[in-house]
Amino acid sequence: MEKFIPDESRLKSVEENYKAVKFNVEEAAIKAGRNPEDVRLMAVTKTVESPYINRAIELGANLIGENRVQEYLGKREELKLDGVEKHLIGHLQTNKVKYIVGEVDMIESVDSLKLASEIDRLSQKKGIVSDVLVEVNVGREDSKSGIYAEQLEELIYEIAELQGVRIQGLMTIPPICDSDSEVRKYFESMYKSFIDIRDKKIDNVNMNILSMGMSGDYEAAIASGSNIVRVGSAIFGARKYF
């Protein structure tokens, strides 16, 4: 296969973008009265070629998120992943679980007992415990995966019974909104659910992570309590679909 040659101007752009986003994340945390070290920046690598991801890693990106199982596995060998945490953040089909269990540090998109049970089964088979986030469809959109908020507690109690899965928190993608104040209502609702579950102190459930906020709204998410923001296009540029 022909070797991919990265575009030097895009490499430079990734460098400038990463530094700018990192600065903005830290500033947003300070503005919200939070410690910047408590908010992690995830570089989302969907459709991004390996040299550009590696440039972000060289600059300090220590958390990457990939949407598709095959895409991640296909470019993993070209990535400089020493010391880098890997999350699967896209919708995961049950029949793809066998390819990803044990290959990433966290699966952020668990939205059913069926999916969690398959992760559990294959994790126990490998002798590991898989860290997961439960995905909530905070805007109740038909086009998005995730469970509704009123189903959350029941699902968490069910998943907590599984030995090969450990819940570490929640993830959400809000609807596209016209204003910061509108999107913050969704983020604040999600934060309330996060705190409510955390306060219940459920066995085998650690409410350590609230993953919300992307390129267009991560500052509002940080103001509302997010501690992982998932940023792709603001770092790597507009996505290319092949």
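Structure: above.
Computed from a predicted model, the values in this text were never measured in an experiment. The written sequence of each chain sets the order in which its residues are numbered from 1. Reporting of local features is limited, given that this is a predicted model, to residues whose pLDDT is at least 70; pairs of side-chain atoms are given and counted only at 80 or more, and all residues count toward the totals for whole chains, interfaces and linings. Heavy atoms throughout the structure, all of them, feed into the side-chain values; hydrogens and water do not.

K.L.:
Any details on the overall build of the chain? Residues and values, ideally.
P.N.:
Elements are defined by DSSP. Helices are runs of H or I of four residues or more, strands are runs of E of two residues or more, and each kind is numbered from the N terminus. Looking only at helices and strands, one finds nine helices and eight strands in the chain. For this measure, only C-alpha atoms enter the radius of gyration; the expected value for a globule follows 2.2 Å times N^0.38, where N is the number of residues. Compactness check: the chain gives a C-alpha radius of gyration of 18 Å against a globular reference of 18 Å for 242 residues, within 12% of the reference. By its C-alpha atoms, the chain is 50 × 45 × 30 Å across when sized along the principal axes. The buried share among the 242 residues of the chain stands at 49%. Only heavy atoms matter for contacts: two residues are in contact if any of them lie within 4.5 Å across the pair. Across the chain, every contact between residues at least 6 apart in sequence was considered, and the portion connecting residues at least 24 apart equals 61%. Of the roughly 12,100 Å² that the chain leaves accessible, carbon and sulfur atoms contribute 46%. Relative accessibility thresholds used throughout: buried, under 20% of the residue-type maximum; exposed, over 50%; partly exposed, between the two (1.4 Å probe, protein chains only). The accessible surface values rely on the Shrake-Rupley method and a 1.4 Å probe; as for residues, cover is taken only from the protein chains in view.

K.L.:
Any chance you could break down a negative patch on the surface for me, citing the residues and the numbers?
P.N.:
Distance thresholds for patches are 9 Å for like charges and 5 Å for nonpolar side chains (Val, Leu, Ile, Met, Phe, Trp, Tyr), applied to residues having over 30% relative accessible area and no salt bridge. Here, a salt bridge means any Lys or Arg side-chain nitrogen found within 4 Å of an Asp or Glu carboxyl oxygen. Here Asp and Glu are counted as negative and Lys and Arg as positive; His is not counted, and neither are the chain ends. The location of each charge is read from NZ of Lys, CZ of Arg, CG of Asp or CD of Glu. Together, Glu26, Glu27, Glu37 and Asp38 give the surface a local cluster of negative charge. Among the secondary structure elements, Asp38 is positioned in the loop between α1 (8–31) and β1 (40–44).

K.L.:
Please give an account of the pairing of strand β3 (residues 85–88) that cites residues and values.
P.N.:
In short, DSSP must find at least two bridges between two strands for them to pair. Alignment of strand β2 (residues 63–66) against β3, held across four bridges, turns out to be parallel. Across the sheet, Leu63 pairs through a bridge with Glu85, a residue of β3. Handedness of the crossover joining β2 and β3 through helix α3 (residues 69–75): right-handed. Crossover handedness is defined by viewing with both strands directed away from the observer: a clockwise path from the first strand over the helix to the second marks the crossover as right-handed.

K.L.:
Tell me about unusual backbone geometry, and please be specific about residues and values.
P.N.:
Located in the positive-phi region is Arg140, a residue other than glycine, with phi close to 55°. Judged by relative accessible area, Arg140 falls into the partly exposed class, the value being 44%. One non-glycine residue with positive phi stands out, namely Lys201, at about 50°. The residue Lys201 is located in the loop between α7 (180–199) and β7 (205–211) in this model. On the accessibility criterion, Lys201 (67% relative accessible area) is exposed.

K.L.:
Explain the nonpolar core residue by residue, including any values.
P.N.:
Side-chain atoms within 4.5 Å are what join buried Ala, Val, Leu, Ile, Met, Phe, Trp, Tyr and Cys residues into a set we call a nonpolar core. Residues Leu92, Ile119, Val134, Ile156, Ile159, Leu170 and Ile235 are the most contacted members of the largest nonpolar core, which totals 67 residues. Top element by residues in this core is α1. It accounts for seven residues. Setting aside residues up to four positions removed in sequence, Ile156 forms contacts with Val134, Ile167, Leu170, Ile197, Ile202, Val205 and Met207. Met42, Val44, Leu133 and Met171 belong to the second largest nonpolar core, which has nine residues in total.

K.L.:
Outline the side chain of Ser123, supporting the account with residue identities and numerical values.
P.N.:
By the secondary structure assignment, Ser123 is in helix α5 (residues 113–126). On the basis of relative accessible area, Ser123 is assigned to the buried category, the value being 0%. Non-local contacts of Ser123, meaning those with residues more than four positions away in its chain, are made with Val101, Ile128, Ser130 and Gly164.

K.L.:
Explain the pairing of strand β4 (residues 106–110) to me, and be specific about the residues and the numbers.
P.N.:
With respect to burial, β4 is a largely interior element, five of its five residues being buried. Two elements, β3 and β4, share two bridges in a ladder whose sense is parallel. Counted as the bridge partner of His87 is Met106 from β4. Sheet topology note: the β4/strand β5 (residues 130–136) ladder contains two bridges and is parallel. Bridging across to β5, Val110 finds its partner in Val134. Following the backbone out of β4, through α5 and into the adjacent parallel β5, one traces a crossover that is right-handed.

K.L.:
Could you give an account of the packing of aromatic side chains, naming the residues involved and the relevant values?
P.N.:
What counts as a ring pair is set by centres within 6.5 Å for rings of Phe, Tyr and Trp (its six-membered ring), and what kind of pair is set by the plane angle: stacked under 30 degrees, edge-to-face over 60, tilted for all other angles. In this structure the tally under the stated criterion is two aromatic pairs. Taking the centre distance of 6.0 Å and the plane angle of 80° together, the rings of Phe4 and Tyr52 count as edge-to-face. Taken together, the positions of Phe4 in the segment before α1 and Tyr52 in helix α2 (residues 50–58) put the pair 48 residues apart, joining distant regions of the chain. Since its relative accessible area comes to 37%, Phe4 is described here as partly exposed. The ring of Tyr52 has Arg10 sitting right over it, with the charged end atom 4.2 Å from the ring centre. In this structure, Arg140 is placed above the aromatic ring of Tyr148, and the distance from its NZ or CZ to the ring centre is 4.0 Å. The criterion for a charge sitting over a ring is simple: Lys NZ or Arg CZ within 6 Å of the ring centre, and within 35 degrees of the ring normal.

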